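# What the coordinates show
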Amino acid sequence: MDNILRNFVKAANQGDFSLDITLNLNGALVTGTTVSAKKYMQSLSRTFENGNEISQELSEKLSRASEVNYAHEEINYIHLEEAQVYNGDSQPTPSEGSFYWRGKLEEVDGFFLGKIDAR
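A brief look at the structure comes next. Because the structure is predicted, anything quoted here is derived from the model rather than measured.

### Digging into the layout of surface pockets
What the largest pocket holds in volume is close to 180 Å³. Contributing to the lining of the largest pocket are 16 residues, with A12, G15, D16, S36 and K39 lying nearest its centre. Those elements that provide at least two residues to the lining of the largest pocket are helix 1 (3-14), strand 2 (28-35) and helix 2 (37-48). When grouped by side-chain class, the residues that make up the lining of the largest pocket number six nonpolar, six polar and four charged. As a volume, the second largest pocket reaches approximately 150 Å³. Looking at the lining of the second largest pocket, the elements that each hand over two or more residues are helix 1 and strand 3 (77-86). Its residues placed into classes, the lining of the second largest pocket shows five nonpolar, three polar and three charged.

Laid out in C-alpha cells, this is it:
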C-alpha cells in the first residue's frame, strides 16, 4: 500500500484536510475530493434517516459509526466526495450529480493529484 496515499487519508481522518485526487483501480479511474471517514458515515446516515423503520435503524448505526475516532483507527479505506468513476469511456458514472465513494486502499494501483472534470 502506498504510504503517501495512506498519509493523505490519515490527514483527512484527523481533521479538516481534503484534496482533489484521481485513483487508478484495475483500469478504472475514480476521481473526487478526499473526506474523512466521519464525514462519509454522516452522509450515509442522512441518506437513510427519513425512510422506513429499517432505514432509520441503519441511519442510527451509521451515525454511531461516525462518532468513532478514525484518526486513531487502522487505515484501510479512502473516502471521496463528488466522486465520479471512469471505466473505459469518456462518460463518468454518474453522468449527472455527485456521490460519495468508498474504496479499499490496498486496491489502488496509482493516483495523481487533481480530479477529472468532464462536466
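This is not the end of the story, as more comes after the structure.
### Side note on the sheet that holds strand 1 (residues 20-25)
Spatially, the five strands line up as an open sheet ordered 4-3-2-1-5, and their pairing is antiparallel. The outermost strands of the open sheet, each flanked by one partner alone, are strand 4 (99-104) and strand 5 (110-113). Neighbour to neighbour, the strand axes of the sheet diverge by 40 degrees on average, direction disregarded. Where helix 1 meets the sheet, its contacts fall on strand 1, strand 2, strand 3 and strand 5, and the angle it forms with strand 5 comes to roughly 60 degrees. Contacts between helix 2 and the sheet are confined to strand 2, strand 3 and strand 4, with strand 4 contributing the most and set at about 130 degrees to the helix.

What counts and what doesn't
- Residues numbered from 1 in each chain as written.
- Predicted model: local features only at pLDDT ≥ 70, side-chain atom pairs only at ≥ 80, totals over all residues.
- Heavy atoms only, no water.
- 1 Å grid on protein atoms, 1.4 Å probe; cavity = no way out; pocket = protein on both sides within 12 Å on 5 of 7 lines; lining within 4 Å.
- Points joined across faces, edges and corners; volume = space filled by probe spheres on them.
- Helix = DSSP H or I, 4+ residues; strand = E, 2+ residues; numbered from the N terminus.
- Nonpolar A, V, L, I, M, F, W, Y, C, P; charged D, E, K, R; others polar.
- Pairing = 2+ DSSP bridges.
- Axes fitted to C-alpha atoms, helices over the stretch in contact; angles between N-to-C directions.
- Contact = heavy atoms within 4.5 Å.

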